[in-house]
Amino acid sequence: MAEQKSNQGKRIKELLSQLGSKEENTQIEAIKSLRMHGNETAIEPLVQVLSKTTSENVKKEITELLNTIKSSKVPAEIAKCLVNEDYENVRQTLMVSIWSSGLDYRPYMSEIATASVQGELMEAIECITILENLEGGLDEEQIMDALVIFKSFLVDDKGADDPKNEIIKEIVMLLQHMNDTV
């Protein structure tokens, strides 16, 4: 068992090295192999490449992998990337992966809320989609943590009349409704 884990670790290291290649085909092959042989340790390196690459093919492969991954250990890694300023240019893609993957992101509602207020209009829209697609709803603490983040944003923003603020207000109402039904 330990030897198998060691071999898997070596294989993942090798694939991550290939992921860092300048050759698009090598990167794509590494991404496809990570789909089969990877684990949650590959998430941040994949997000890092997604954030920096100019190759549409590489972006497509990584996005498809993130949207279809099924490991229960992935949400913690995606949540870390979501609030990392180095990856803000792929934040919307990460948020789409949250609702696309069907994984349980309820424990990471604070990170989702933070990304929504730090991001642009599209991140706020993705947040609504995430909330609407939650299986089993949120518990009171998760709701309250998110509400604090969203309400602080609205107060700090002094109620500017832009579309993002309107979406954030909708999110607050949705969370308050969820809280009423807990």
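Refer to the structure presented above.
Given the structure is predicted, the values throughout are model-derived calculations rather than measurements. (Residues numbered from 1 in each chain as written. Predicted model: local features only at pLDDT ≥ 70, side-chain atom pairs only at ≥ 80, totals over all residues. Heavy atoms only, no water.)

Break down the layout of surface pockets for me, with residues and values.
Leftover empty space is mapped by rolling, across the atoms, a probe with the size of a water molecule. As a volume, the largest pocket reaches approximately 170 Å³. Lining the largest pocket are Ile98, Trp99, Gly102, Leu103, Asp104, Tyr105, Arg106, Ile130, Asn133, Leu134 and Glu135. Residue composition of the lining of the largest pocket, by class: six nonpolar, two polar and three charged. (1 Å grid on protein atoms, 1.4 Å probe; cavity = no way out; pocket = protein on both sides within 12 Å on 5 of 7 lines; lining within 4 Å. Points joined across faces, edges and corners; volume = space filled by probe spheres on them. Nonpolar A, V, L, I, M, F, W, Y, C, P; charged D, E, K, R; others polar.)

Help me get a handle on helix H2 (residues 24-37), residues and values and all.
Look at H2: 20 Å from first C-alpha to last across 14 residues, which is about the 20 Å you get at 1.5 Å a residue. Of all the residues in H2, the buried ones are Gln27, Ile28, Ala30, Ile31, Ser33 and Leu34. (Helix = DSSP H or I, 4+ residues; strand = E, 2+ residues; numbered from the N terminus. Expected span 1.5 Å × (residues − 1). Buried < 20%, exposed > 50% of the residue type's maximum accessible area, 1.4 Å probe, protein only.)

Now, about a negative patch on the surface: what can you tell me, with residues and values included?
Together, Glu44, Glu85, Asp86, Glu88 and Glu120 give the surface a local cluster of negative charge. Here glutamate 88 lies in the loop between helix H5 (74-82) and helix H6 (91-101). (Patch = residues over 30% accessible without salt bridge, like charges linked within 9 Å, V, L, I, M, F, W, Y side chains within 5 Å. Areas by Shrake-Rupley, 256 points an atom, 1.4 Å probe, with all protein chains shown as cover. Salt bridge = Lys/Arg side-chain N within 4 Å of Asp/Glu carboxyl O. Lys, Arg positive; Asp, Glu negative; His and termini not counted. Charge placed at Lys NZ, Arg CZ, Asp CG, Glu CD.)

Give a detailed account of the packing of helix H8 (residues 121-132) against helix H10 (residues 163-180), specifying residues and quantitative values.
For the pair H8 and H10, interaxial distance at closest approach is 9 Å and the crossing angle is 20°. Classified by the angle between their axes, H8 and H10 sit roughly parallel to one another. Crossing angle aside, the handedness with which H8 passes H10 is left-handed. Facing Leu121, Ala124, Ile125, Cys127, Ile128, Leu131 and Glu132 of H8, the residues of H10 in contact are Pro163, Lys164, Ile167, Ile168, Glu170, Ile171, Leu174, Leu175 and Met178. (Axes fitted to C-alpha atoms, helices over the stretch in contact; angles between N-to-C directions. Parallel < 35°, antiparallel > 145°, perpendicular 65-115°, else oblique. Left-handed = near helix turned anticlockwise from the far one by under 90°. Contact = heavy atoms within 4.5 Å.)

Can you explain the state of the cysteines? Please cite residues and give values.
Under the definition given, this model contains zero disulfides. Cysteine 127 supplies the cysteine sulfur nearest to cysteine 81, a cysteine that is in no disulfide, at a spacing of 18 Å. Its relative accessible area of 1% is what places cysteine 81 among the buried residues. (Disulfide = S-S within 2.5 Å.)

I'd like to hear about the environment of arginine 11, residue by residue, with values.
Structurally, arginine 11 can be placed in helix H1 (residues 2-19). By relative accessible area, which is 30% here, arginine 11 ends up partly exposed.

So, the side chain of serine 97: which residues are in play, and what are the values?
Along the polypeptide, serine 97 turns up in helix H6. The exposure class of serine 97 is buried, given its relative accessible area of 1%. At a separation of 2.6 Å, a polar atom in the side chain of serine 97 contacts the main-chain carbonyl oxygen of leucine 94. (Polar contact = N/O pair within 3.5 Å; in protein donor to acceptor, adjacent residues only side chain to side chain.)

With reference to specific residues and values, describe the packing of helix H9 (residues 140-156) against H10.
Between H9 and H10, the least distance of the axes is 10 Å, while the angle of their chain directions is 155°. On the basis of the axis angle, H9 is roughly antiparallel to H10. Every pair of crossing elements has a handedness; the one defined by H9 and H10 is left-handed. Where H9 abuts H10, its residues Glu140, Ile143, Met144, Ala146, Leu147, Phe150, Lys151, Phe153 and Leu154 lie against Lys164, Asn165, Ile168, Lys169, Ile171, Val172, Leu175, Gln176, Met178 and Asn179. Residues of the contact of H9 with H10, tallied by class, amount to twelve nonpolar, three polar and four charged.

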